Amino acid sequence: MNDDDERRWKCHNHPPRYALTVLRFETNQEHPEGFELPSDPSLHATPESIALLASSDYVEQMYDQWQRDPSSLSEEWRLFFAGFDLAARPTGAIASERAADQSKVASLIFAYRNLGHLIADLDPLGDNLESHPLLELETFGLFEEQLDEIFDTGHLGGPRQASLREILALLKDTYCRTVGVEYLHIQDMAVRRWLQQEMEPVRNRPTISREKKHRILGQLIDAELFESFTQSRYQGQKRFSLEGAESLIPALHQFIETAAETGAEEVVMGMAHRGRLNVLANILRKPYTMIFNEFEDNIRPDPYGGDGDVKYHRGFSSDYTSSSGAEIHISLTANPSHLEAVDPVVEGRTRAKQRRHGDTGERTKVLPLLIHGDAAFAGQGLVAETFNLSQLKGYSTGGTVHIVVNNQIGFTTLPGEARSTRYPTDVGKMVEAPIFHVNGDDPEAVVHVVDLALRFRQTFKRDVVVDMVCYRRHGHNEGDEPAFTQPLMYQKIQNRPSTRAIYQLQLEGAHDITLEESERLTNSLQGRLLDAFESVKEACLLDENDGHAFSGIWAEFNHEHCFDCTETGVPYEELLKVAKAVTSIPEGFNLNRKVGRRLPSQMEAVEGRGLVDWALSELLAFGSLLVEGIPVRLSGQDSMRGTFSQRHAAWFDTKSQEIFIPLNHIEPGQARFCAYNSMLSEAAVLGFDYGYSLVEPNMLVMWEAQFGDFANGAQVIIDQFIAAAYDKWHRVSGLVMLLPHGYEGQGPEHSSAYLERYLMACAENNMQVCNLTTPAQLFHALRRQIIADFRRPLIIMAPKSLLRHKRAVSPLKDLIVGRFQEILEDPLAPDKPRRLVLCSGKVYYDLEAGREERGINDVAIVRVEQFYPFHTELFERVVKPYRGAAEVVWAQEETRNRGGWSFMMPRLIELFPDRLVKYVGREPSASPATGSSSIHREQQAELVREALEVWSD
Ligand SMILES: Cc1ncc(C[n+]2csc(CCOP(=O)(O)OP(=O)(O)O)c2C)c(N)n1
């Protein structure tokens, strides 16, 4: 007989007196710390009480009563007799019945953890479900009568054993009150356990001090008053009020408090329009005077010519002092109207800042925080792309906290029209992010889950989502009538008191605050708002430049673009040093034979001052910058090897797969070269690298498209950030975009990088657009990008076939001296020109070969290497010798509605007022190129012929 059997035997044979004693004893022995004994003093296991209870008559009497009507006894007695009764049954049957019930309880616990959110009280406007078939006792084969039976609780936070009633209460409190949690999609048991331990013991409602309650109320008052004040003073102006979601303000305060507690130093935020002004005022402490000046439109014309942006798109940054006195720098990233486009930009900025903070290991010092709308979060693909970046080498930021302001509407669109998923947050499951749904009208719960979410992020370095379910008090903006489309919803909202009012009443009812205390909180802010409002009425204009552009690390840069200002040649010895590094195979490294085969010729080209091809020139540009202490980041699909197998920036050991990056082995103390194969996204990755470049003007940051046309998947990032950020927000970037471009008979895709789109967006020196023809030009363009004291994005139409074109090589001397040439003269300038052919990019080599084949010596070919900024003076100088030529031609391989023609035509008309400038190239076409390589060849031959030969008419 083992111990258990012996105990049961004794129980069975000595009912009930002995059983009572044994069970009391066992209770004391087995229940761990934290388990509460029944409160009935008669059940406390003192010798006296045992003696008293040992009166068998009394116990038997109670037992009879329990058998007749269990509910007539106290819970403690019910528990006791349930256990006793169970113990009194035959051993084998008991064990298996018991095990079966225990497993049912385990399923029940699992179900509540998994699905408790289905009946949680999450929606301030909704009638929440009391129960759900999947969570009913009967579903698990359990019954009401068993509520007082004792079961093992497994890992349920609390006692190791408890009655079913207790277990249910704990589960319902934790998962079905105003917090609903989805986390069982997380595969890692340790992560799940951590979450359970954080949530279950406090039942998702930790005790909050009186002082903290006052702080939360004060923050709600700030949020509400800001909206009502601006509404009363600036009626009819759009501000995208936060009303209905005011708990966002205490949530963000909590975020920063927890950030400070967990050792963070900086928070990089991204958010859309909703409540942005409120966040700027109450979290970033953007001065009310600045905000009101923007409402008044008191904007001084920008000295640098920027056109500015509406107030609810602007960025801002400031230092926040936490309640423990820690300083946290917070910056809200400027963003366009395009919802979610800012997400990857925030991630890129964060990663660059983490590098600056030396926070590249744990990534706990600089935290990304994204605030989303429910419709946008569910609808925009960039959200999924950004999640996908979250754990990738080269792109991870150690986890992002996402707060969804789920006001259950998007403009006029209801959830049923906005998504095919139950929650707007389901996309977060793709990275196994825990998802906390929380009722926005329970600010304490909101504050709790934000704290928990950030601690989760700091512990596991993973993304986490908070879904704050709330409502939108007004229309999409304040002038919008929501009742047109959602009459019933808005009747409910109209009658609903604010979150502040509900919370204030709750605190007052619980005597957690006095009326005087809450009045004091209200009056103090009202006073500050009024003072600011009055001062704005009297005051002057606000500088459009918010004082943050060209400050800090950007202070050393020039506003003005300058041609011919930057020498970028590199001494021979330095180039040799780089060449040695990129051609030396480390001892014991098994290099792929084909990769190794090109190394001797590369070394020879440099050592013997010979001809350098595209790939080598690029390596030399990177390497020379690295030894000058300038780090280089290259990101793009398959960029380590290069789409065209040209770069081989990383070598892969054929036996061990070990990676060796030659550029990181030039000399001690050099800067780092980071090449990353990106995920298969354009928008998020380009957005990320753009964001990175906003923080790192002194790093060469490059994004490479697989083929140039794929960049159109990132059009929002190009139009809204890369082209326009300086004009709108005074934000400058030195990002390089490498866009493979060139008509090579590969079809409508893979041919065009849509040069014309970039040219259309050029104005006010906002970016540099190049179509290069020589390796030396690439070398100088890349070096100029970082050596110049001016930063603007650089768009390069990158080569494909030119990578291996025999003529597309440069003598090493062109890398040693000189600088980038915006216009390239004809190396075989004819003495008596009949015709001047102007062109750009790869077609130059076709024209050059055509001229040679035909033995033509009266046609000059001049290349435009940089379209924008257009170096008019240099252009005039270069074409001067050909002014006498009778004919001027713009030749391009792109179709007439594409390429450089539309951009060049007005300039050429101005430069050659007395001449007809003829277009030679493909006819206009809806798709960029033909799908047939033979037709392509014919077209190409025809355009070369027409550009060079004598015209018959
Ligand atoms: C990409 C994009 N598409 C459409 C719009 C127009 N628009 C502005 S706000 C909005 C609704 C957004 O709803 P939600 O994300 O729930 O945020 P809310 O305004 O409700 O806070 C729409 C459709 C936009 N700004 N961006």
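Residues numbered from 1 in each chain as written. Predicted model: local features only at pLDDT ≥ 70, side-chain atom pairs only at ≥ 80, totals over all residues. Heavy atoms only, no water.

**Things to note about the overall build of the protein**
Line of reasoning, step 1. Helices and strands together make up the secondary structure of the protein, namely 34 helices and 28 strands.
Line of reasoning, step 2. When the 953 residues of the protein are sorted by exposure, 58% land in the buried category.
Line of reasoning, step 3. Across the protein, contacts joining residues at least 24 apart in sequence account for 79% of those joining residues at least 6 apart.
Line of reasoning, step 4. Total accessible area on the protein is roughly 38,500 Å²; 50% of this is exposed by carbon and sulfur atoms. (Helix = DSSP H or I, 4+ residues; strand = E, 2+ residues; numbered from the N terminus. Buried < 20%, exposed > 50% of the residue type's maximum accessible area, 1.4 Å probe, protein only. Contact = heavy atoms within 4.5 Å. Areas by Shrake-Rupley, 256 points an atom, 1.4 Å probe, with all protein chains shown as cover.)

**Considering the pattern of salt bridges**
Line of reasoning, step 1. One pass over the full model with this rule turns up 50 salt bridges.
Line of reasoning, step 2. The partner of Lys 429 in a salt bridge is Glu 182, and the shortest N-O contact between them spans 2.6 Å. Placement of the pair is Lys 429 in the loop between α16 (415-418) and β10 (435-439) and Glu 182 in strand β3 (residues 179-182), with a sequence separation of 247 residues.
Line of reasoning, step 3. Owing to a relative accessible area of 6%, Glu 182 belongs among the buried residues under this scheme.
Line of reasoning, step 4. Measuring nitrogen to oxygen at the nearest pair gives 2.7 Å for the salt bridge that ties Arg 496 to Asp 441. Here Asp 441 lies in the loop between β10 and α17 (443-460) and Arg 496 lies in the loop between α18 (487-494) and α19 (499-509), a separation of 55 residues in the sequence.
Line of reasoning, step 5. Under the relative-accessibility criterion, Arg 496 is labelled partly exposed at 24%.
Line of reasoning, step 6. For Asp 441, a relative accessible area of 9% translates into the label buried. (Salt bridge = Lys/Arg side-chain N within 4 Å of Asp/Glu carboxyl O.)

**As for the site of the ligand**
Line of reasoning, step 1. Contacts to the ligand come from 15 residues, most closely from Arg 274, Ser 337, Asp 374, Ala 376 and Ile 409.
Line of reasoning, step 2. Protein burial of the ligand: of its 580 Å² of free accessible surface, 76% is covered by the chains.
Line of reasoning, step 3. No other element matches the three residues that helix α14 (residues 374-379) contributes to the shell around the ligand.
Line of reasoning, step 4. Residues belonging to the shell around the ligand are distributed by class as follows: five nonpolar, eight polar and two charged. (Near = heavy atom within 4 Å. Nonpolar A, V, L, I, M, F, W, Y, C, P; charged D, E, K, R; others polar.)

**Details of the state of the cysteines**
Line of reasoning, step 1. Inspection of the entire model under this criterion finds one disulfide.
Line of reasoning, step 2. With its sulfur 1.5 Å from that of its partner, Cys 562 forms a disulfide with Cys 565.
Line of reasoning, step 3. Of all cysteine sulfurs, the one in Cys 762 lies closest to Cys 770, which takes part in no disulfide; the gap is 10.0 Å. (Disulfide = S-S within 2.5 Å.)

**So, the sheet that holds strand β19 (residues 736-740)**
Line of reasoning, step 1. Strand order in the open sheet made by the seven strands is β17-β14-β18-β19-β21-β20-β26, with mixed pairing throughout. The sheet is open, and its two edges are formed by β17 (673-677) and β26 (866-868), each paired on a single side. When the angles between neighbouring strand axes are averaged without regard to direction, this sheet yields 20 degrees.
Line of reasoning, step 2. Alignment of strand β18 (residues 700-704) against β19, held across three bridges, turns out to be parallel. By the bridge assignment, Trp 703 is partnered in β19 with Met 737.
Line of reasoning, step 3. Where helix α29 (residues 775-787) meets the sheet, its contacts fall on β18, β19, β20 (768-771), β21 (794-798) and β26, and the angle it forms with β21 comes to roughly 165 degrees. (Pairing = 2+ DSSP bridges. Axes fitted to C-alpha atoms, helices over the stretch in contact; angles between N-to-C directions.)

**Here we look at the packing of aromatic side chains**
Line of reasoning, step 1. The full count for this structure, using the stated rule, is 27 aromatic pairs.
Line of reasoning, step 2. Here the aromatic rings of Tyr 844 and Tyr 845 are separated by 5.2 Å at their centres, their planes lie at 75 degrees, and the arrangement is edge-to-face.
Line of reasoning, step 3. Tyr 844 sits in the buried class, given a relative accessible area of 2%.
Line of reasoning, step 4. One aromatic cluster is present, formed by Phe 229, Tyr 234, Tyr 288, Phe 292 and Phe 295 through successive ring pairs. (Phe/Tyr/Trp six-rings, centres within 6.5 Å; stacked < 30°, edge-to-face > 60°.)

**A word on α29**
Line of reasoning, step 1. Over its 13 residues, α29 extends 18 Å from the first C-alpha to the last, a length consistent with the 18 Å expected when each residue adds 1.5 Å.
Line of reasoning, step 2. Buried within α29 are the following residues: Pro 775, Ala 776, Gln 777, Leu 778, Phe 779, His 780, Ala 781, Leu 782, Arg 783, Arg 784, Gln 785 and Ile 786. (Expected span 1.5 Å × (residues − 1).)

**Here's the deal with the sheet that holds β3**
Line of reasoning, step 1. One open sheet holds the eight strands; their spatial order is β3-β10-β11-β9-β8-β4-β7-β6, and the pairing between them is mixed. If you trace the sheet from one side to the other, it starts and ends with β3 and β6 (316-321), each paired once. For this sheet, the mean inter-axis angle between neighbouring strands, taken without regard to orientation, is 20 degrees.
Line of reasoning, step 2. Sheet topology places β10 next to strand β11 (residues 464-469); five bridges connect them, and they run parallel. Across the sheet, the residue bridging to Ile 435 is Val 465, located in β11.

**Looking at the side chain of His 214**
Line of reasoning, step 1. For His 214, the location among the structural elements is in helix α9 (residues 210-233).
Line of reasoning, step 2. The buried category is assigned to His 214, whose relative accessible area is 15%.
Line of reasoning, step 3. When near neighbours in sequence (up to four residues on either side) are disregarded, His 214 contacts Asp 512, Ile 513, Glu 517 and Leu 521.

**Digging into the packing of helix α24 (residues 614-627) against α29**
Line of reasoning, step 1. Close contact between α24 and α29 brings their axes to 8 Å; oriented N to C, the two are set at 25 degrees. The orientation of α24 relative to α29 falls into the category roughly parallel. As α24 runs across α29, the sense of the crossing is right-handed. For the pair α24 and α29, contact is made by Trp 614, Ser 617, Glu 618, Leu 620, Ala 621, Phe 622, Ser 624 and Leu 625 and by Pro 775, Ala 776, Leu 778, Phe 779, Leu 782, Arg 783, Ile 786 and Ile 787, respectively.
Line of reasoning, step 2. For the contact of α24 with α29, the residue count by class is twelve nonpolar, two polar and two charged. (Parallel < 35°, antiparallel > 145°, perpendicular 65-115°, else oblique. Left-handed = near helix turned anticlockwise from the far one by under 90°.)

**Thoughts on the packing of helix α13 (residues 342-356) against helix α15 (residues 381-389)**
When two helices pack together, their arrangement is captured by the angle between the axes and the distance separating the axes.
Line of reasoning, step 1. In the contact formed by α13 and α15, the axes pass within 8 Å of each other and the chain directions differ by 20 degrees. In terms of their interaxial angle, α13 and α15 are classed as roughly parallel. Here Asp 343, Pro 344 and Glu 347 of α13 lie close against α15, whose contacting residues are Leu 382, Val 383, Thr 386 and Leu 389.
Line of reasoning, step 2. In the contact of α13 with α15, the residues fall into four nonpolar, one polar and two charged.

**Looking at a negative patch on the surface**
Line of reasoning, step 1. Together, Glu 136, Glu 138, Glu 144 and Glu 145 make up a region of like negative charge exposed at the surface.
Line of reasoning, step 2. With respect to the helices, strands and loops of the structure, Glu 136 is situated in the loop between α6 (91-115) and β1 (150-152).
Line of reasoning, step 3. We classify Glu 136 as partly exposed; its relative accessible area is 33%. (Patch = residues over 30% accessible without salt bridge, like charges linked within 9 Å, V, L, I, M, F, W, Y side chains within 5 Å. Lys, Arg positive; Asp, Glu negative; His and termini not counted. Charge placed at Lys NZ, Arg CZ, Asp CG, Glu CD.)

**With respect to unusual backbone geometry**
Line of reasoning, step 1. Cis rather than trans, the peptide bond between Tyr 868 and Pro 869 has omega equal to -15 degrees.
Line of reasoning, step 2. Assignment of secondary structure puts Pro 869 in the loop between β26 and α32 (872-879).
Line of reasoning, step 3. Although it is not a glycine, Arg 203 sits at a positive phi angle of roughly 50 degrees.
Line of reasoning, step 4. Relative to the helices and strands, Arg 203 resides in the loop between α8 (189-199) and α9.
Line of reasoning, step 5. The exposure class assigned to Arg 203 is partly exposed, which follows from its relative accessible area of 23%.
Line of reasoning, step 6. A positive phi angle, close to 60 degrees, is found at His 730, a residue other than glycine.

**Observations regarding helix α10 (residues 248-261)**
An α-helical turn contains 3.6 residues, so a residue and the one three or four places further along point in the same direction.
Line of reasoning, step 1. Here α10 contains 14 residues, and its C-alpha end-to-end distance of 20 Å stays within 8% of the 20 Å for a straight helix at 1.5 Å per residue.
Line of reasoning, step 2. With respect to burial, α10 is a largely interior element, 13 of its 14 residues being buried.

**Notes on the confidence of the model for the protein**
Line of reasoning, step 1. For the protein, per-residue confidence averages 89 on the pLDDT scale, and 90% of positions sit at 70 or higher.
Line of reasoning, step 2. When the criterion is pLDDT under 50, residues 1-54 qualifies, and its contacts beyond four places in sequence or with other chains add up to 62 contacts. (pLDDT = per-residue confidence, 0-100.)

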